[in-house]
Structure formats: C-alpha cells, structure tokens
Amino acid sequence: MAPLDVLAVASEIFPLIKTGGLADVAGALPGALAAEGVAVRSLVPGYPRVLDALDGGVAVASLNDLFGGAAHIVAAHASGLDLFVIDAPHLYARDGDPYRGPGGGDWADNAFRFAALSRVAVLLAQGLVDGYRPDVVHAHDWQAGLAPAYLHYAGAIEPATVMTIHNLAFQGQFPAYLLSSVGLPEEAFSIQGVEYYGAVGYLKAGLQFADRITTVSPTYAAEIRTPAGGMGMDGLLRARADVLSGILNGIDTTVWDPATDRHLVATFDADRLALRAANKAALQDRFGLRRDPGTLLFGVISRLSAQKGIDLLLAALPVLLDGGGQLVVLGSGDASLEAGLRAAAGPDVNAHIGYDESLAHLIQGGCDALLMPSRFEPCGLTQLCALRYGALPVVAHVGGLCDTVIDANEMALAAGIGTGFHFAPVQAEMLAAAILRALAVWRQPDVWRGLQRNAMQTDVSWRRPAAQYAALYRELSRATTPHTVIARSEATKQSR
Ligand code: ADP
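Residues numbered from 1 in each chain as written. Predicted model: local features only at pLDDT ≥ 70, side-chain atom pairs only at ≥ 80, totals over all residues. Heavy atoms only, no water.

Chemist: Honestly, the site of the ligand in this entry has me stumped. Any pointers?
Modeler: Near the ligand there are 18 residues, and of these Gly21, Arg303, Lys308, Gly354 and Leu381 occur at the shortest range. Arginine 303 places a polar side-chain atom, nitrogen or oxygen, 2.8 Å from an oxygen atom of the ligand. Leucine 381 is positioned with one of its backbone polar atoms (N or O) 2.9 Å from an oxygen atom of the ligand. Counting only elements with at least two residues in the shell around the ligand, the list comes to helix H1 (21–34), strand S13 (297–304), strand S14 (326–333) and helix H12 (357–366). Among the elements that make up the shell around the ligand, the one with the highest residue count is S13 (3 residues). Within the shell around the ligand, the residues separate by chemical class into 5 nonpolar, 7 polar and 6 charged. Shared between two domains, the shell around the ligand takes at least three residues from each, and those domains are domain 1 (4–250 + 464–489) and domain 2 (273–456). (Near = heavy atom within 4 Å. Polar contact = N/O pair within 3.5 Å; in protein donor to acceptor, adjacent residues only side chain to side chain. Helix = DSSP H or I, 4+ residues; strand = E, 2+ residues; numbered from the N terminus. Nonpolar A, V, L, I, M, F, W, Y, C, P; charged D, E, K, R; others polar. Domains from an automatic or database assignment.)

Chemist: I keep staring at the packing of helix H5 (residues 146–153) against helix H6 (residues 202–209) and nothing clicks. Help me out?
Modeler: Two measures define how a pair of helices packs: the angle their axes make with one another and the distance between the axes. In contact at an axis separation of 7 Å, H5 and H6 are set at 55° when each is read in the N-to-C sense. Judged by the inter-axis angle, H5 sits oblique to H6. H6 is crossed by H5, and the crossing has left-handed handedness. Contacts from Leu146, Pro148, Ala149, His152 and Tyr153 in H5 reach Tyr202, Ala205, Gly206 and Phe209 in H6. Residue composition of the contact of H5 with H6, grouped by class: 7 nonpolar, 2 polar and no charged. (Axes fitted to C-alpha atoms, helices over the stretch in contact; angles between N-to-C directions. Parallel < 35°, antiparallel > 145°, perpendicular 65-115°, else oblique. Left-handed = near helix turned anticlockwise from the far one by under 90°. Contact = heavy atoms within 4.5 Å.)

Chemist: Quick question: what am I supposed to make of the sheet that holds strand S6 (residues 136–140) here?
Modeler: Sheets are built from strands that pair by backbone hydrogen bonding, the pairs being arranged parallel or antiparallel. Spatial strand order, S3-S4-S5-S2-S1-S6-S7-S11-S12: 9 strands in an open sheet with mixed pairing. The outermost strands of the open sheet, each flanked by one partner alone, are strand S3 (55–63) and strand S12 (244–246). Geometrically, the sheet is characterised by an average inter-axis angle of 25° between neighbouring strands, direction not taken into account. Two elements, S6 and strand S7 (residues 160–165), share 5 bridges in a ladder whose sense is parallel. (Pairing = 2+ DSSP bridges.)

Chemist: Sorry if this is basic, but what is going on with the environment of glycine 56 here?
Modeler: Within the secondary structure, glycine 56 is located in strand S3. The class for glycine 56 is exposed, based on a relative accessible area of 60%. Placed 20 residues apart in sequence, glycine 56 and alanine 76 show a C-alpha to C-alpha distance of 6.4 Å. (Buried < 20%, exposed > 50% of the residue type's maximum accessible area, 1.4 Å probe, protein only.)

Chemist: I tried to follow the pairing of strand S1 (residues 4–9) on my own but got confused; where do I start?
Modeler: The side chains of a regular strand alternate between the sheet's two faces. The element S1 is extensively covered by neighbouring structure, given that 5 of its 6 residues are classed as buried. Where S1 meets strand S2 (residues 38–45), 6 bridges bridge the pair, whose relative direction is parallel. Looking across to S2, one finds that aspartate 5 is bridged to alanine 39. Read as a crossover between parallel neighbours, the route from S1 over H1 to S2 is right-handed. (Right-handed = clockwise from strand over helix to strand, strands pointing away.)

Chemist: Sorry, what's going on with the packing of aromatic side chains here?
Modeler: The description of an aromatic ring pair uses the distance of the two centres, along with the angle that the planes make with each other. Taken as a whole and assessed by the stated rule, the structure comprises 15 aromatic pairs. Ring geometry for tryptophan 142 versus phenylalanine 174: centroids 5.7 Å apart, planes at 55°, classification tilted. Of this pair, tryptophan 142 sits in the loop between S6 and H5 while phenylalanine 174 is found in strand S8 (residues 173–174), placing the two residues 32 residues apart along the sequence. Accessibility assignment for this pair places tryptophan 142 and phenylalanine 174 in one class, buried. With 5.9 Å between their ring centres and 75° between their planes, tryptophan 256 and tyrosine 389 make a pair best called edge-to-face. (Phe/Tyr/Trp six-rings, centres within 6.5 Å; stacked < 30°, edge-to-face > 60°.)

Chemist: Would you mind showing me how to read the pairing of strand S16 (residues 369–372) here?
Modeler: Across the two faces of S16 the burial is the same, with Ala369 and Leu371 and Leu370 and Met372 all buried. The pairing of S13 with S16 spans 2 bridges and is parallel. Across the sheet, residue glycine 299 finds its bridge partner in S16, namely leucine 370. Pairing between S16 and strand S17 (residues 392–396): 4 bridges, direction parallel.

Chemist: I keep staring at the sheet that holds S16 and nothing clicks. Help me out?
Modeler: Strand order in the open sheet formed by 6 strands is S15-S14-S13-S16-S17-S18, and the pairing between neighbours is parallel. This sheet does not close on itself; its edge strands, each paired only once, are strand S15 (349–353) and strand S18 (421–423). Taken pair by pair, the neighbouring strands of this sheet meet at an average axis angle of 20°, ignoring direction. Of the pairings in the sheet, the one linking S17 to S18 comprises 3 bridges and is parallel in character. Bridge pairing links valine 394 to phenylalanine 421 in S18. Those strands touched by helix H13 (residues 382–389) are S13, S16 and S17, and its axis lies near 170° from that of S16.

In short, geometric facts, not functional conclusions.
Structure (structure tokens):
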C-alpha cells in the first residue's frame, strides 16, 4: 500500500507537554500509525517545554507576522516524534500551562495563540513549507478547529481534513469582533460558518468544515448527537451524522506495562498476580493508610472536576468505608473538591493533591479497583490502564467507559467475561451500590482473580484504533486524489 502522509495538529503532545488525554493520544498515535504505513508529522506550539525537548531542529520557514510577531516553523524530532514546531515567542514563550497563566485564568490572547496553530497548519497543508504536502490534515480539539475553516475559505479542496473531538465540553468560543483579526471573512459569521451563539466558535468551525468528524468512542459519538450530551452542538452533529464516527483510544502499552513498569515496587503479569500485593502495601504506606492486604483498596487518578463525578464519590464515601473499603485519590482541580478530599482523610482514606506520573503508575499497580464516576467521559484512558494492571474499573455507564469495561453482572460472571463494574444513572446512590457490588465480589477471591485476568487480557493497545484511523485516512485520500476522480469517471463510462 502506498505510504500516506498525515499532518496532525494538536495543542499538546506526550511526553513533551500534557494536561490530559489529548496529549496521550497525540503522542501515541503516530507510532501506532507507522505500523499501518501512515507517516505522521505533528504540528505543535513552541511552548518553552516543547522547545527545550527538541533534538536539534531546523527553521524551514519564517513568518514576518503571525498574529502580532515574527515566527519560525521548525522541523524537529523529539521522543520518537516527527514534529513541526511554531517558534513564536510573542504567543508561546511564557510560564504556565498551554491554556492558562500561573494565576489559573485563560491567557487573554488564546484566540490568536490557537488561530496561529491553524494558520500554520494551513501553510503546511497547502505545500507551502519545505516541499512537505500531507494527504490528510488531522485536527485535534478546538485549538486546531480553525484549520478546516481556513482551508474552506481559501477555496482549497485538498488535502482532506479530519476533526477529532476529545471532549465536547471544551469548545473555544471567542468574541465576534475578533472574526477579521483571526483572518476569517465576514461571510464566515453565519450559522453555516463559524458563528456559534453569537460568538466565533473554533470547535464549531472544525465540525462545520472538516470532511470527517471522529470522537474517541462509539458511545460518545452517539451521546453527542443528543440534546443531553451535545452541549449545544448536537444539531450540527446530527446534521453531519453521516461523516461522524467513534474510534476508541488506546494506551501506549510499553509505557503502561505491569511486567516492566519501573514505577512499581514489584512487577507482575496475569500469571503472577500475587506479586501485586507488594505494590498495594507500598501504596497503603505512601498514603498513610492501615496496611491490610485483605481490605479492598479503591483508587482514583483524575482531574478533580464536576465532569469526573468526584462530588459523587465524596457522597458515596461513607458507604465505601462502612463496607470495609479503603480509598486513595491522586488528582488536582476544583478547590472545593480538593478541600472535601482533604477533610475526608483518615486511616482508610487519603488524597494526594497534585499531578504525579510515577504515583499514577503505583496506584494502577497497587489498588484493587479504580473508580471513575464520570458524568460524561468521551473515552477515558485511566480505566484502560487499570484494565491492563488488573485494577478492576468501577465506572459510570457513559461514553467510552461503556465501550471498554464489561460489567460483571450475573450473566457476565456466569459466562466468565466481566472486567469491572458499571453503574447508572450517574448518581451517588448508584455509585454506592456499585461499590457494594465490588465489595461483595471481593469476598470471593477466585471470582475476583478471574475478573482481573479477563481485564488484563483486554486489548487496550493502539493496534485496532490505528488501523481504523488508517482506513479512514485512506478512504479520504482516495476520495480527493485527482487520479481517483479520473478512475471514477471511467468506471462510470464503462457501466453505462
Ligand atoms: P481527561 O483527559 O479527561 O483528564 P483521561 O482519562 O482521558 O481524562 O486522561 C487522563 C490522563 O491523565 C491519564 O493518562 C491519567 O492517568 C492522567 N492523570 C490525570 N490526573 C493525573 C494526576 N493527578 N497525576 C498523574 N496523572 C494523571
């Protein structure tokens, strides 16, 4: 099969810069796609952390004015990734995370910072830089949403574009008066354009103009077409349902491998599950909990936000503790949730407020069950890691959690196929009931071990999703290459 060139456009990429699952996906997909004959180059903003991580780098183009200052497009490699990096100090050379300053508020010029990302994507897409010309542009989330719109208003029919929604809650809305300053024509400000409830919508723009829309699980692809899950975009997504599909995320199974994980006290696999005990003991020590191998230890690794249902967990906590369970939480976010978790600390529950990659691995390898009571969850990565580490996920029956965890109900237990526990609707009482269900199965160690083995056999790798993305890219590039158009018209002639 002919190799295919894809330009991925993302505002974060693991391991260079990460605030959530988007970075994991942007970082892992290129490697997985290489096995499918797809060469991915990723375009990312030149935040200080990204520039510092580059192995060399060559400026392949210079721009006099990229939204208020000079910029270079740098071709570089880092951590096995082929990158184009936008070195634009006036937009990206600052402390803080990709979206917010040290004070926690959004950067005031985010409209320009991410318009620049799409503007440069379009220069690359149109073959104007260094002889590079991708077959497909793959835009991730609102930060890259203007790329399909810029291509549309430039009258370009090539290359084909894919817009992936990692989380519909983040939409990138900016005041209408910025329309022309971000380089969009007046005609773009309409319901068939980038206008969204009186604002300029970057995600809306991508959803309106991309040739294909994907999101990160089949169930979320269905949920976002409903008023309840569509966050205002459901009408548009229903109208574009014929080009919308869900492709599950995978995880990097070399980074997340319990048999080799250097963050664990003891490595293990499905045939040596007893070795997990040392990680559990280390985790209980680390969080200052009673050291007891017989207690069901629940874990949470999460942003602390309403989306993640951490308030439901606080409400269900008395049931968890009365039932004889323990809980460790790693996360940061809303101040009230952080305070609630701190206040709940005791001999059987404790929280580490912060972001800690290494501790996340130890929790996956040491806790018995991983809680994800999310109100909505596009895919979720944490439960995929949990499956691989034999920590049974206890999950809300939403989005990607539905698609990746098999509820250990009576029928599934009889068939020997469960991998975790679901609850619905997403309410504290239902979460409490699922926790009690897990505690009941915990008292049957052979059944629990059977579920752990099932979980660990689940294919959570990028192999299948990468094949699905590759098929999508190929279909799109066939549809837009001129020789296929000729072939198609000849086929039409013959059939007449
Ligand atoms: P989201 O992107 O909505 O935050 P996902 O489950 O898709 O949620 O991805 C979250 C990623 O971030 C996972 O890889 C998870 O392990 C990691 N993560 C979240 N919070 C923390 C934390 N406090 N410390 C370390 N890793 C974290």
